[in-house]
Amino acid sequence: MSNAQMDVEDPKRTAALVAAVGVFGRYGFQKTSMEAVARAAGISRPGLYLMFPNKEQLYRATMQGVLERAQRAMEVRLADRSLSFDEGIVAGLDALMGPYIDTPVARDLNELLENSEPRLGSMFHDYQERARATLSAHIAALAPPGLLPADLTAHDVMDLLFSAALTWKSTAATRDEFRDRIRRSLRLIHRPAG
């Protein structure tokens with residue numbers, strides 16, 4: 001049974017993971033206690049320990065859920081054929097990275113994810129690679145005529161956009177600014193050379 005299936009079937013587990021996002025985001029891994037997560041979730045500490053034997057497993061499940069939801073949100077936006085190619089890219093990258101821009105808790109969670117390699121191993125990197133592959137496949141399949149001349153591949157365009165978006169996620173003051181920067185970069189890519 002996958003984590004997603006368990007979350008649907010176990011509302012207490014879902015509540016614990018939702019609460020853990022906020023608590024880990026606010027206090028970081030070191031300062032978060034199982035007691036604080038249980039209290040935020042409205043369940044007993046022993047009940048939380050029945051679901052997650054230790055803080056490390058709770059943290060891994062929490063971060064996996066955060067990353068999986070972001071990946072699915074990006075995929076949904078990229079699949080939305082009511083959006084133009086450019087707006088699909090903007091919406092997809094915003095769904096993936098935008099939630100980590102506007103609020104202090106979101107920024108704290110972003111920092112927590114980016115600095116969690118000792119506890120998450122390659123999970124964060126693996127999800128980034130999965131997102132990059134998804135975006136590259138989308139560009140390869142739906143790029144408008146002229147966007148990909150012989151010397152520019154879908155992977156090249158994805159790499160430029162994804163790398164820029166990672167930087168802008170950290171430097172944009174608002175999600176609107178983040179989305180606008182992606183739009184402007186797409187306009188630059190569409191311009192013919194010369």
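Residues numbered from 1 in each chain as written. Predicted model: local features only at pLDDT ≥ 70, side-chain atom pairs only at ≥ 80, totals over all residues. Heavy atoms only, no water.

S.K.: Can you walk me through empty space enclosed by the protein in this structure?
M.R.: Rolling a probe over the atoms, with the probe sized like a water molecule, indicates the empty space that remains. Summed over the entire model, instances satisfying the criterion amount to one cavity of 30 Å³ or more. Space inside the largest cavity adds up to approximately 170 Å³. If you trace the largest cavity, you find 15 residues lining it, with Leu 67, Leu 96, Met 97, Phe 124 and Gln 128 closest to the centre. Where the lining of the largest cavity is concerned, the elements lending two or more residues are helix H5 (55-79), helix H6 (85-97), helix H7 (104-114), helix H9 (123-142) and helix H10 (154-171). Residues of the lining of the largest cavity, tallied by class, amount to 11 nonpolar, three polar and one charged. (1 Å grid on protein atoms, 1.4 Å probe; cavity = no way out; pocket = protein on both sides within 12 Å on 5 of 7 lines; lining within 4 Å. Points joined across faces, edges and corners; volume = space filled by probe spheres on them. Helix = DSSP H or I, 4+ residues; strand = E, 2+ residues; numbered from the N terminus. Nonpolar A, V, L, I, M, F, W, Y, C, P; charged D, E, K, R; others polar.)

S.K.: Where do I start with the packing of H6 against H9 in this structure?
M.R.: Each packed pair of helices is defined by two parameters, the angle between the axes and the distance between the axes. Running from N to C, H6 and H9 cross one another at 175 degrees; their axes reach a closest spacing of 11 Å. Considering their axes alone, H6 and H9 lie roughly antiparallel with respect to each other. Counting all contacts with H6, which are made through Phe 85, Ile 89, Leu 93 and Leu 96, the residues of H9 involved are Ala 131, Leu 135, His 138, Ile 139 and Leu 142. Within the contact of H6 with H9, the residues separate by chemical class into eight nonpolar, one polar and no charged. (Axes fitted to C-alpha atoms, helices over the stretch in contact; angles between N-to-C directions. Parallel < 35°, antiparallel > 145°, perpendicular 65-115°, else oblique. Contact = heavy atoms within 4.5 Å.)

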